[in-house]
Amino acid sequence: ERVFTIAIDGPAASGKGTLARKLAAHYGLHHLDTGLTYRAVARALLDAGLPLDNEAAAEQAARGVDLGTLDRETLSAHGVGEAASKIAVMSAVRRTLVEKQRAFAKTPPGAVLDGRDIGTVVCPDADVKLYVTASAAVRAERRWREILGQGGEADYETILADVERRDARDMARADSPLKPAGDAHLLDTSEMDIETAFRAARAIVDKVL
Ligand code: C5P
């Protein structure tokens, strides 16, 4: 059966998740935040008190990931994203999670998937590929405002350093590094609010519909 796939990639706090959610709702597609699958593996190791470089445990945790029960609340906790980027360098983990992500994408009528390697590895035949970026300063400021808005405490400089370290790790890894697919549309949201970015993304998708 024919499915429609929108692949969205980009660095941490680029706004790709919000954009993916809005596009999925607008076009009536399923949505998968693939970052949550890597976060779930990291969370399992952290909860078990295991080191993040324990390949056997990470692979087993990856096999246990259930896309239907991924809980954004517990997985968005501070530090889990950083831990996720450490387990995300393991090929065995990636292979296992990518298989689940591809199966998800095949469910009619199709899906919006967001992550780091959707256009390059998970769904190389996606109908539309977007690479969403923004300057590190802008992304750090968004994350900072988000945390303050939730009543949390945060230091801007620390967040900026975290964001830059995580990007560097995601771009430098050997297996499925973060980079735009050759046929991806670049969307720099540094100067855009979410509505403007949403409109720009729709214009791109509507052309191939
Ligand atoms: O997007 P999010 O911040 O939730 O992702 C957490 C981490 O999971 C990323 O920093 C990255 O290392 C990893 N990830 C990945 N491939 C994906 C999605 C996330 O390697 N498709």
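Residues numbered from 1 in each chain as written. Predicted model: local features only at pLDDT ≥ 70, side-chain atom pairs only at ≥ 80, totals over all residues. Heavy atoms only, no water.

An unreviewed UniProt entry lists the protein under the name Cytidylate kinase, from Chelativorans petroleitrophicus. On record in UniProt, under Sequence similarities (unreviewed entry), the comment for the protein is "Belongs to the cytidylate kinase family. Type 1 subfamily." (UniProt positions renumbered as here; feature names shortened; annotations may be inferred.)

J.: Lay out the overall build of the protein in plain terms, naming residues and giving numbers.
T.: Helices and strands together make up the secondary structure of the protein, namely ten helices and five strands. By the compact-globule yardstick of 17 Å for 209 residues, the protein fits well, its C-alpha radius of gyration being 16 Å. Each principal axis of the C-alpha atoms in the protein carries an extent, and together these give about 50 × 40 × 30 Å. Taking all 209 residues of the protein together, 47% fall into the buried category. Within the protein, residue pairs in contact and separated by at least 24 positions form 80% of the contacts whose partners lie at least 6 positions apart. When the 28 positive and 32 negative side-chain charges of the protein are each reduced to one mean point, those points stand 2 Å apart. (Helix = DSSP H or I, 4+ residues; strand = E, 2+ residues; numbered from the N terminus. Rg over C-alpha atoms; globule rule 2.2 N^0.38 Å. Buried < 20%, exposed > 50% of the residue type's maximum accessible area, 1.4 Å probe, protein only. Contact = heavy atoms within 4.5 Å. Lys, Arg positive; Asp, Glu negative; His and termini not counted. Charge placed at Lys NZ, Arg CZ, Asp CG, Glu CD.)

J.: Give me the lowdown on helix α3 (residues 55-63), citing residues and values where you can.
T.: Taken together, the buried positions of α3 are occupied by A57, A58, A61 and A62. Down the axis of α3, the smallest arc covering the buried residues is 140°, so these residues share one side. Counted as exposed and oriented over 90 degrees from the buried face of α3: A56, Q60 and R63. If you follow the buried residues of α3, they end up packed against α2 (35-48) and α6 (91-105). (Arc of directions from axis to C-beta.)

J.: Could you give an account of the packing of aromatic side chains, naming the residues involved and the relevant values?
T.: Applying the stated criterion across every chain, the model contains one aromatic pair. Judged by centre distance (6.3 Å) and plane angle (80°), the rings of W144 and Y156 are edge-to-face. Taken together, the residues W144 in helix α8 (residues 136-149) and Y156 in helix α9 (residues 156-172) connect sequence positions twelve residues apart. Classification of Y156 by relative accessible area gives partly exposed; the value is 23%. It is K22 that lies over the ring of F198; its NZ or CZ is 5.0 Å from the centre. One residue, R202, lies across the ring of F198, its end atom 4.5 Å from the ring centre. (Phe/Tyr/Trp six-rings, centres within 6.5 Å; stacked < 30°, edge-to-face > 60°. Lys NZ or Arg CZ within 6 Å of the ring centre and 35° of its normal.)

J.: Help me get a handle on the nonpolar core, residues and values and all.
T.: Counting residues in hydrophobic clusters, the biggest one holds 31 residues, and the most contacted among them are Y38, V41, I87, V93, L97, L113 and C123. Looking at this core, the element that brings in the most residues is α2, giving six residues. If sequence neighbours within four positions are ignored, I87 has contacts with Y38, V41, A42, L45, L52 and V93. Core analysis: the second largest hydrophobic core is formed by 19 residues, F4, A24, L187 and I204 among them. (Core = buried A, V, L, I, M, F, W, Y, C linked by side-chain atoms within 4.5 Å.)

J.: How would you explain the site of the ligand if you had to name every residue and give the values?
T.: Taken together, 15 residues sit near the ligand, with R39, R94, D117, R166 and D170 positioned nearest. One nitrogen or oxygen atom from the side chain of R94 is found 2.8 Å from an oxygen atom belonging to the ligand. One of the side-chain nitrogen or oxygen atoms of R173 is found 3.0 Å away from an oxygen atom of the ligand. Contact with the protein chains covers 96% of the free accessible surface of the ligand, which is 450 Å². Among the secondary structure elements, those contributing two or more residues to the shell around the ligand are α2, α5 (80-87) and α9. Among the elements that take part in the shell around the ligand, α2 stands out by supplying three residues, more than any other. (Near = heavy atom within 4 Å. Polar contact = N/O pair within 3.5 Å; in protein donor to acceptor, adjacent residues only side chain to side chain. Areas by Shrake-Rupley, 256 points an atom, 1.4 Å probe, with all protein chains shown as cover.)

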